[in-house]
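Single-letter residue listing:
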Amino acid sequence: MSLKLLFGFHAVSVRLKVAPKSIRELHVDATRRDQRMKQFLAKAEEAGLRVIDSDDDKLQQMAGTHRHQGVVARVEALSPARSLDDLLDSLSEPPLLLVLDGVTDPHNLGACLRVADGAGAHAVIAPKDHAVGINATVAKVASGAAETVPYFMVTNLARTLTELKERDIWIIGTSDDAESSLYQADFKGPVAVVLGAEGSGMRQLTRKHCDQLVSIPMMGGVESLNVSVASGVCLYEARRQRG
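Turning to the packing of helix α5 (residues 106–119) against helix α10 (residues 227–242), a few remarks are in order. Taken N-terminus to C-terminus, the directions of α5 and α10 make an angle of 10°; their axes are 9 Å apart at the nearest point. As judged from the angle between their axes, α5 and α10 are roughly parallel. Taken together, the residues of α10 that come into contact with α5 (itself represented by Asn-108, Ala-111, Cys-112, Val-115, Ala-116, Gly-118 and Ala-119) are Val-227, Ser-228, Ser-231, Gly-232, Leu-235, Tyr-236 and Arg-239. Class assignment for the residues of the contact of α5 with α10 results in 8 nonpolar, 5 polar and 1 charged.

Encoded structure:
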């Protein structure tokens, strides 16, 4: 079975929570023993994992970047979730979902998937009739995130949003004319962030299914951001709040 690499506290910690037995090797920086590392090592020990002390050069070589935070793991690839329900049932932390309504440009979708992966979103959801599927362009722009971030294309987006609400997931839509700012929203609990395509924005029916509408503050002359940039602003605000 081929192994893949995960690095950084968040990525490895999520795998440690969800599927600890899939971690074959766990390498950590032998010189780092701050509070965050101590808490991480305690969780690894609790899961019965053997930790391999390594140095920064070794970790950088494994991860291919110096941004490994002192944690690199070789893990088995997990079977992709068969459905959105399967994915949500498997989570051990409050869901963070990105919903894209009307994003048909493959470059935008690829960039959104890459942002979703970086911010630790659990899935990206889009309607089948107003979206682009995963193609070669999407995969290239996503830089690997098309394989790591579950992408669910649903038949009826409004119904899916209703089902998310039934799971107590708060639906936060973005709109240029919303009175509340993004920074006034609470992203700590189960949340789905909804963004529409540039220009037209989300459809009216989608908007009606949102529990809250927020706007991204714009300080300059342009009226809106590219959808992938807006996704990044929203998801990283959610990640900041979650700590």
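The discussion continues.
Bringing the sheet that holds strand β3 (residues 51–54) into the picture now. Paired through backbone hydrogen bonds, the strands of a sheet run either parallel or antiparallel to each other. Here we have 4 strands laid out as an open sheet, ordered β1-β4-β2-β3, and mixed in their pairing. With partners counted over all chains shown, the strands left at the sheet margins are β1 (3–7) and β3, one partner each. Ignoring which end each strand starts from, the neighbouring axes of this sheet average 25° apart. When strand β2 (residues 23–29) meets β3, the two strands line up parallel, connected through 4 bridges. The residue of β3 that forms the bridge with Val-28 is Asp-53.

Any two side chains of opposite charge can pair, on the condition that their charged atoms come close. As enumerated under the stated definition, the model contains 11 salt bridges in all. In this structure, Arg-24 and Glu-76 form a salt bridge, with 2.6 Å as the shortest nitrogen-oxygen distance. Here the residue Arg-24 occupies a position in strand β2, and Glu-76 occupies one in strand β4 (residues 71–76), the gap between them amounting to 52 residues. Glu-76 sits in the buried class, given a relative accessible area of 18%. For Asp-34, the salt bridge is made with Arg-32, and the minimal N-O distance between the two is 2.4 Å. Judged by relative accessible area, which is 25%, Arg-32 ranks as partly exposed. When salt bridges that share partners are traced, they join Asp-85, Asp-89 and Arg-167 into one network.

Turning our attention to α10. With 16 residues, α10 extends 22 Å between its outermost C-alpha atoms, agreeing within 8% with the 22 Å of an ideal straight helix rising 1.5 Å per residue. Among the 16 residues in α10, 12 count as buried, and that is most of the element. Among the residues making up α10, those that are buried are Val-227, Ser-228, Ala-230, Ser-231, Gly-232, Cys-234, Leu-235, Glu-237, Ala-238, Arg-239, Gln-241 and Arg-242. Close packing links the buried residues of α10 with α1 (9–18), β5 (96–101), α5, β8 (170–174) and β10 (191–196). Among the residues trailing α10, Gly-243 stands out with phi positive, at a value near 80°.

Thresholds applied
Residues numbered from 1 in each chain as written. Predicted model: local features only at pLDDT ≥ 70, side-chain atom pairs only at ≥ 80, totals over all residues. Heavy atoms only, no water. Axes fitted to C-alpha atoms, helices over the stretch in contact; angles between N-to-C directions. Helix = DSSP H or I, 4+ residues; strand = E, 2+ residues; numbered from the N terminus. Parallel < 35°, antiparallel > 145°, perpendicular 65-115°, else oblique. Contact = heavy atoms within 4.5 Å. Nonpolar A, V, L, I, M, F, W, Y, C, P; charged D, E, K, R; others polar. Pairing = 2+ DSSP bridges. Salt bridge = Lys/Arg side-chain N within 4 Å of Asp/Glu carboxyl O. Buried < 20%, exposed > 50% of the residue type's maximum accessible area, 1.4 Å probe, protein only. Expected span 1.5 Å × (residues − 1).

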